Amino acid sequence: MSPFSFRQTMPNSADPVSLPSAPASAVQRTDYAILGAISFSHLLNDMIQSLILAIYPILKSGFHLSFGQVGLITLTYQVTASLLQPLVGMVTDRKPKPYSLPVGMGFTLCGLLLLAVAPSFPVLLLAAALVGTGSSVFHPESSRVARLASGGQHGLAQSLFQVGGNTGSSLGPLLAAWIIVPHGRGSVAWFSLAALLAMVVLLQVGRWYRLHHVSRAKTVRHVAGEALGRGKVVTCLSILGLLIFSKYFYLASISSYFTFYLIHTFGVSVQNAQMHLFVFLFAVAAGSLIGGPVGDRIGRKWVIWVSILGVAPFTLALPHANLFWTGVLSVVIGLILSSAFSAILVYAQELIPGRVGMVSGLFFGFAFGMGGIGAAVLGHVADVHGIDYVYSLCAYLPLLGVLALFLPDLERSMRLKAAAK
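No experiment lies behind these values; they were computed from the predicted model shown. (Residues numbered from 1 in each chain as written. Predicted model: local features only at pLDDT ≥ 70, side-chain atom pairs only at ≥ 80, totals over all residues. Heavy atoms only, no water.)

(A) Highlighting the overall build of the protein chain. Scanning the protein chain for helices and strands turns up 17 helices and 0 strands. Out of the 421 residues belonging to the protein chain, those deemed buried represent 59%. Split by element, the accessible area of the protein chain, about 15800 Å² in all, is 70% carbon and sulfur. (Helix = DSSP H or I, 4+ residues; strand = E, 2+ residues; numbered from the N terminus. Buried < 20%, exposed > 50% of the residue type's maximum accessible area, 1.4 Å probe, protein only. Areas by Shrake-Rupley, 256 points an atom, 1.4 Å probe, with all protein chains shown as cover.)

Given below as structure tokens:
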């Protein structure tokens, strides 16, 4: 049997909300083979994408770029992804496209090869746009597959999906330090093999998806969001958007400029700085596994609140720490802050039933967009005021986490609604 020949078990609809006490039968129907495959594909996808961030020092010196131009590369990639993701999600909510996943990876493959041979800055931007397009197709549909395979454990499924992507993102700087820095930008082309492997896996996932998709039009849903008025749903989505803004603006300061900060402030080498970035991103990957299953048990509102507001003391301390404590604090920040996204995404999916693709695309897209805008804005700030000022300014962003207190407890609302019947 092929390692990607997945068992043919029909999951429940992608949309019903799982209460913290999910029935055992739902847990038994969780398809861990599919979750593992989609998480592995997410690892390969985001590893490839993170190479762009990881080789910024090489691009900056090779093309004589300013910090503002570095931020523009990230903006091009992130905006391409963020603008297209909600559109992809809306289209596939109406008519699922099981084989769109390997097609999206094909865009990433083309962008990767172009990045390896780009002769000028405009071509670099085109390569970043192609990678962003691949991401815009991959994330909404793969998030839907994760929910379909969850067996009711939606938070766990999203966390497993997210940990693949975050692990891949953490590997980018490490592989850049080991392979690309010693051998030059052309060695980026070798990573096309990872994209080809991902396309093979995603073809198998597409076959499973085609067989197991359940039409939402035929599904009876009992979703907490239905009990809320339209105004309350809009308010909740606005709060979640502000929390995404605070999280991804801060993450942009680390992912795009942490290597420059370490080199400027502590005089470390490029490889040493990339190792620090790898450690931070690995902590992000580890932390992303926590938020989903904990949210399934205690409620997603509380995970969101603790993971964003709870990181504020550490972000405020970071600009004043020496090299050792900068490394320690970056790990703590990565662990805590990364636990929020799975909980935010599932919370939003429960607010708007039947629109998994649109909601996933909207939130992945908004997250990417905030990261891209953050990179561009912070690059300009770094050019004008210096890289140290960026970290002093961004340290206050997690304080927006206090807004999570105004979110309703959806799990409690569902329990009360069920008890009233």
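On we go.
(B) Expanded view of the packing of aromatic side chains. This structure, assessed with the given rule, holds 12 aromatic pairs. A centroid spacing of 5.2 Å and a plane angle of 80 degrees characterise the contact between F324 and W325, whose relative ring orientation is edge-to-face. F324 sits in the exposed class, given a relative accessible area of 57%. Here K247 stacks its cationic end above the ring of Y248, 5.1 Å away from the centre of that ring. (Phe/Tyr/Trp six-rings, centres within 6.5 Å; stacked < 30°, edge-to-face > 60°. Lys NZ or Arg CZ within 6 Å of the ring centre and 35° of its normal.)

(C) Focus on unusual backbone geometry. Although it is not a glycine, H64 sits at a positive phi angle of roughly 55 degrees. Within the secondary structure, H64 sits in the loop between α3 (56-63) and α4 (67-94). For H64, a relative accessible area of 68% corresponds to the exposed category.

(D) Examining the pattern of salt bridges more closely. Evaluation of the coordinates by the stated rule reveals 2 salt bridges. Residues E141 and R144 are paired through a salt bridge, measuring 2.9 Å at the closest nitrogen-oxygen approach. Residue E141 and its partner R144 are both found in helix α6 (residues 121-148); the two are separated by 3 residues, about one turn of the helix. Across the pair, R144 and E141 agree in class, each one buried. Of the charged contacts, one joins E350 and R300 as a salt bridge, the two residues approaching to 2.8 Å between their closest N and O atoms. Here R300 lies in helix α11 (residues 300-309) and E350 lies in helix α14 (residues 340-351), a separation of 50 residues in the sequence. Neither residue differs from the other here; E350 and R300 are each classed as buried. (Salt bridge = Lys/Arg side-chain N within 4 Å of Asp/Glu carboxyl O.)

(E) Region of interest: the environment of S342. In this fold, S342 is placed in helix α14. When near neighbours in sequence (up to four residues on either side) are disregarded, S342 contacts Q158, S159, Q162, S288 and G292. (Contact = heavy atoms within 4.5 Å.)

(F) Highlighting α14. Helix length check: α14 (12 residues) gives 17 Å between terminal C-alpha atoms against 16 Å at 1.5 Å per residue, within 8%. Counting buried positions along α14 gives 12 out of 12 residues, so the element sits mostly inside the fold. Along α14, the residues that are buried comprise A340, F341, S342, A343, I344, L345, V346, Y347, A348, Q349, E350 and L351. (Expected span 1.5 Å × (residues − 1).)

(G) Examining the nonpolar core more closely. Formed by 109 residues in total, the largest nonpolar core has its most connected members in I73, L240, Y257, I304, I344 and Y391. For this core, the element with the highest residue contribution is helix α9 (residues 230-266), accounting for 16 residues. With sequence-adjacent residues up to four places away left out, I304 is seen in contact with L240, L243, A340, A343, I344, Y347, A404 and L407. (Core = buried A, V, L, I, M, F, W, Y, C linked by side-chain atoms within 4.5 Å.)

(H) Main features of the packing of α9 against helix α16 (residues 387-394). Contact geometry of α9 with α16 gives a least axis separation of 9 Å together with a crossing angle of 140 degrees. Taken as axis vectors, α9 and α16 run oblique relative to one another. Crossing geometry of α9 relative to α16 is assigned as left-handed. Facing Y250, S253, I254, Y257, F258, Y261, H264 and T265 of α9, the residues of α16 in contact are I387, D388, V390, Y391 and C394. (Axes fitted to C-alpha atoms, helices over the stretch in contact; angles between N-to-C directions. Parallel < 35°, antiparallel > 145°, perpendicular 65-115°, else oblique. Left-handed = near helix turned anticlockwise from the far one by under 90°.)

(I) Structural detail: the environment of Q78. Examined against the element boundaries, Q78 turns out to sit in helix α4. When its relative accessible area of 12% is taken as the criterion, Q78 is described as buried. Through-space distance from the C-alpha of Q78 to that of T133 is 9.2 Å; in sequence the pair is 55 residues apart.

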